[in-house]
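Inside the fold
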Amino acid sequence: MIKKLLIMSALLLPAFGAGAAATRPMTLDEAIALARVNSVDAAVALNELRASYWQYRSYRADLLPEVNFNATVPSYSKRYSSYQNADGTYNFVRSSNLELSGSLTVRQNVWLTGGSIAVQTSYDWLRQLGRGAYSRFMSVPVAVTLNQPLFAANTVKWDRRIEPVRYREAKAQFLSATENVALEAINYFFNLVLANENLNIARQNLANDEKLYEVAQAKRSMGTISENDLLQLRLNVLNSRAALTEAETGRTASHFQLTSFLGIDDAGEEIVPQVPERLPHIDLAYGRVLEKALENNRFAYNQRRRQLEADYNVAVARGNQRSVSVYAQVGLTGVGDRPADAYSPLRDNQVVEIGLSIPLLDWGKRRGRVKVAESNREVVENTLRKEATDFRQNLFVLVERFNNQQRQVEIAAVADTIADRRYQTNIQTFMIGRISTLDLNDSQTARDHQHTNYYNALFAYWYYYYQIRSLALWDFVADSPIDADFDRIIGKRLH
């Protein structure tokens, strides 16, 4: 009888191999690479970088000379206008004229002073229509104009300090966003891995429970087990069938989530995730990770930019307490009845203006704005100090968790092996009637738990590692910066 039972127990093998029309093995690195190219999150990150790039280009353009051409071709007027006579009385006169004008201006912002200087040349033609029609020409061969505020905040100078930091922050933000895309890919990848393993476990459990129930029926007919044990095994079969249905649904959902995130449209292709067999052994030192994070992460640039913006707001508030500006224009001009006469002879054309705006009584309004700006700057400084402390603390905890997780993966692998061997041994022991169905169920539950725990430990390892990468923007396996291939990946796509 024992020999018969042992032969039947040999049939307890994993079953129900799933067939598919087409399979596509995929490693974790391949999933991450696809996510960085095809995912919606990656596209959003690239669009945000593109906006920052053109904002930076606009700032750079403000530092270069700007050339403008303005023209009126033509301006026609036929109307009545008021006219004051010599005795002080007014009358309405009818005028009819045609005018053409054009000007070419080269303007340059002066970042050192915050003003602007422009060089302009222009030409105008006026044709008086009607009785006694005549033409007049006026030229301004060259005119140099300076516009300079004296006490206002130098916006151009502040932009030279803020905008480069803002763009470096945007580049770091893009790289961090691509690493966050990798985190999402890892999450969906291991969700599918766990769903596949749960499906395999459910199939194996159902096959084992059905075989055990067949053996139990034979043993019951021989009177070697109780009716209660037989009913428990029958209940196990029903529960395993329900678990298999749930596992199949979960696997389908996880597969759809991964393919949707990776932008894979072929519904007939089945992704088969390949779990990394060996892990790179990395011992991360908190000091080195912090150093790389402060060099590369957007956090450092963000803090610097916000500090500069707070200082700029204070400078603007102080500059608005009084306003003094200088406007000066020097050049040459000529007028004549013929086009050539407008250039000979030429006369001086000079304008000098000094504008003042000094509040005599504003009830402390402008001074109050300065105090508000200074108070806001103190709030920003305190906030930045707290954020810096939290950043270092969170990074320290993350590094410690990653270093510990390597050991957790090793422990989980050993525990998984032991739990599986225990379950297989308990099956044989149950066959010869030395343990109850409760003990068998307990070993099965423990095996399933340890198997899932091993893949969860793998997931945590890679998730922690890519979190650290996203903060430090440094590949600690290759010991190289993340942005080593930055231009190759996105440089051409910006234009």
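Scroll up a little and you will see the structure.
Bear in mind the structure is a predicted one, so any value in this text is a computation, not a measurement.

A word on the overall build of the protein chain
Tallying secondary structure elements over the protein chain gives ten helices and ten strands in all. Computed over C-alpha atoms, the radius of gyration of the protein chain comes to 40 Å, more than 25% over the 23 Å expected from 2.2 N^0.38 for 495 residues, which places it beyond the range of a compact globule. Overall size of the protein chain, expressed as C-alpha extent along the three principal axes, is 140 × 50 × 45 Å. Partitioning the intrachain contacts of the protein chain with sequence separation of at least 6 by distance along the chain shows that 76% fall at a separation of at least 24. If you sum the accessible surface of the protein chain, you get close to 28,500 Å²; carbon and sulfur atoms cover 52% of it. Charge-centre separation for the protein chain: the mean point of 57 positive side chains lies 6 Å from the mean point of 54 negative side chains.

What to know about the packing of helix 7 (residues 298-319) against helix 8 (residues 365-431)
With their axes 8 Å apart at the nearest point, helix 7 and helix 8 run at an angle of 170 degrees to one another. One element, helix 7, and the other, helix 8, form an angle in the roughly antiparallel class. Residues Phe299, Gln303, Arg306, Gln307, Ala310, Asp311, Asn313, Val314, Ala317 and Arg318 of helix 7 pack against Arg369, Val370, Ala373, Glu374, Arg377, Val380, Glu381, Thr383, Leu384, Glu387, Ala388 and Phe391 of helix 8. Its residues placed into classes, the contact of helix 7 with helix 8 shows ten nonpolar, four polar and eight charged.

With respect to the sheet that holds strand 7 (residues 323-336)
Reading across from one edge, 2-3-4-5-7-8 is the order of the six strands in this open sheet, with antiparallel pairing throughout. The open sheet is flanked by strand 2 (66-84) and strand 8 (347-357), the only strands paired with a single partner. Geometrically, the sheet is characterised by an average inter-axis angle of 20 degrees between neighbouring strands, direction not taken into account.

Quick word on the packing of aromatic side chains
On inspection of all chains with the given rule, the structure shows 20 aromatic pairs. With a centroid separation of 4.3 Å and 5 degrees between ring planes, the pair formed by phenylalanine 299 and phenylalanine 391 is classed as stacked. One end of the pair, phenylalanine 299, is in helix 7; the other, phenylalanine 391, is in helix 8, and 92 residues separate them in sequence. In this pair, the class of phenylalanine 299 matches that of phenylalanine 391, namely buried. A cation sits over an aromatic face here: arginine 160 above tryptophan 111, 4.0 Å from the ring centre. In this arrangement the basic side chain of arginine 234 is found over the ring face of tyrosine 213, its NZ or CZ atom lying 5.7 Å from the centre.

What about unusual backbone geometry?
Following valine 73, the chain continues into proline 74 via a peptide bond in cis, with omega recorded as -10 degrees. Mapped onto the elements of the fold, proline 74 is located in strand 2. With an omega of -5 degrees, the peptide bond running from serine 344 to proline 345 counts as cis. Positionally, proline 345 belongs in the loop between strand 7 and strand 8. Despite not being glycine, leucine 473 shows a phi value in the positive range, around 50 degrees. Among the secondary structure elements, leucine 473 is positioned in the loop between helix 9 (437-472) and strand 9 (474-475). For leucine 473, a relative accessible area of 2% gives the class buried.

Brief notes about the pattern of salt bridges
Tallied over the full model, the rule gives 23 salt bridges. For the salt bridge of lysine 292 with glutamate 295, the shortest nitrogen-to-oxygen distance reads 4.0 Å. Note that lysine 292 and glutamate 295 are positioned in helix 6 (residues 286-296) at a spacing of three residues, about one turn of the helix. Note that arginine 407 is salt-bridged to glutamate 410, the shortest N-O span being 3.0 Å. One end of the pair, arginine 407, and the other, glutamate 410, are both in helix 8, three residues apart, so they sit about a helical turn from each other. With relative accessibility at 41%, the residue glutamate 410 sits in the partly exposed group. In the salt-bridge network here, residues are joined through shared partners; they are Glu163, Arg166, Glu169, Arg298, Arg305 and Glu309.

Thoughts on the environment of tyrosine 461
Tracing the backbone shows tyrosine 461 in helix 9. A sequence separation of 197 residues divides tyrosine 461 from isoleucine 264, and the C-alpha atoms of the two residues are 26 Å apart. Not counting residues up to four positions away in its chain, the partners in contact with tyrosine 461 are Leu279, Pro280, Ile282, Phe402, Gln405, Gln406 and Val409. A polar side-chain atom of tyrosine 461 sits 2.4 Å from the main-chain carbonyl oxygen of proline 280.

Notes on the environment of serine 470
Mapped onto the fold, serine 470 is located in helix 9. Sequence-distant contacts of serine 470, defined by excluding residues within four places in its chain, comprise Ser176, Glu179, Asn180 and Asn297.

Let's talk about the pairing of strand 4 (residues 115-128)
Judged from the 14 bridges that link them, strand 3 (residues 90-110) and strand 4 form a sheet pairing that is antiparallel. Among the inter-strand pairings, glutamine 108 is bridged to a residue of strand 4, identified as isoleucine 117. A loop of four residues connects strand 3 with strand 4, the two strands running antiparallel in sequence, and glycine 114 in this loop sits at a positive phi of about 85 degrees. Where strand 4 meets strand 5 (residues 134-149), twelve bridges bridge the pair, whose relative direction is antiparallel. Along strand 5, the bridge assignment pairs isoleucine 117 with leucine 146. Linkage of strand 4 to strand 5, two consecutive antiparallel strands, is achieved through a turn of five residues, within which glycine 130 is found at a positive phi near 90 degrees.

Procedures and definitions
- Every chain is numbered independently, its residues counted from 1 as its sequence is written.
- Where local features are concerned, this predicted model is filtered to residues with pLDDT of at least 70; where side-chain atom pairs are given and counted, the filter is 80 or more; whole-chain, interface and lining totals use all residues.
- As a rule here, side-chain values cover all heavy atoms of the structure and leave hydrogens and water aside.
- The numbering of helices and of strands both runs from the N terminus, where a helix is a DSSP run of H or I of at least 4 residues and a strand a run of E of at least 2.
- C-alpha atoms define the radius of gyration in this analysis, and the globule rule sets the expected value at 2.2 Å times the number of residues to the power 0.38.
- Working rule for contacts: check all heavy atoms of both residues, and any pair within 4.5 Å makes them a contact.
- Accessible surface is estimated by sampling points in the Shrake-Rupley manner with a 1.4 Å probe; for residues, cover comes only from the protein chains shown.
- Just so you know, the count uses Lys and Arg for positive and Asp and Glu for negative, and it drops His and the chain ends.
- Every charge is mapped onto a representative atom, which is NZ of Lys, CZ of Arg, CG of Asp or CD of Glu.
- To get an axis, fit a line to the C-alpha atoms, keeping to the stretch in contact for a helix; angles then go from 0 to 180 degrees between the N-to-C directions.
- Angle categories: roughly parallel below 35 degrees, roughly antiparallel above 145, roughly perpendicular from 65 to 115, and oblique for all the rest.
- When residues are grouped by polarity, Ala, Val, Leu, Ile, Met, Phe, Trp, Tyr, Cys and Pro land in nonpolar, Asp, Glu, Lys and Arg in charged, and all others, Gly among them, in polar.
- Pairing between two strands requires that DSSP report at least two bridges joining them.
- Think of it this way: a Phe, Tyr or Trp ring, Trp meaning its six-membered ring, pairs with another when their centres are within 6.5 Å, and the plane angle makes it stacked under 30 degrees, edge-to-face over 60, tilted otherwise.
- Relative accessibility thresholds used throughout: buried, under 20% of the residue-type maximum; exposed, over 50%; partly exposed, between the two (1.4 Å probe, protein chains only).
- Geometrically, a lysine NZ or arginine CZ counts as sitting over a ring once it is within 6 Å of the ring centre and also within 35 degrees of the ring normal.
- We count a salt bridge whenever a side-chain nitrogen from Lys or Arg sits within 4 Å of a carboxyl oxygen from Asp or Glu.
- N or O atoms within 3.5 Å of each other form a polar contact, as long as, within protein, one can give a hydrogen and the other can take it, and as long as residues adjacent in sequence are counted only when both atoms are side-chain atoms.

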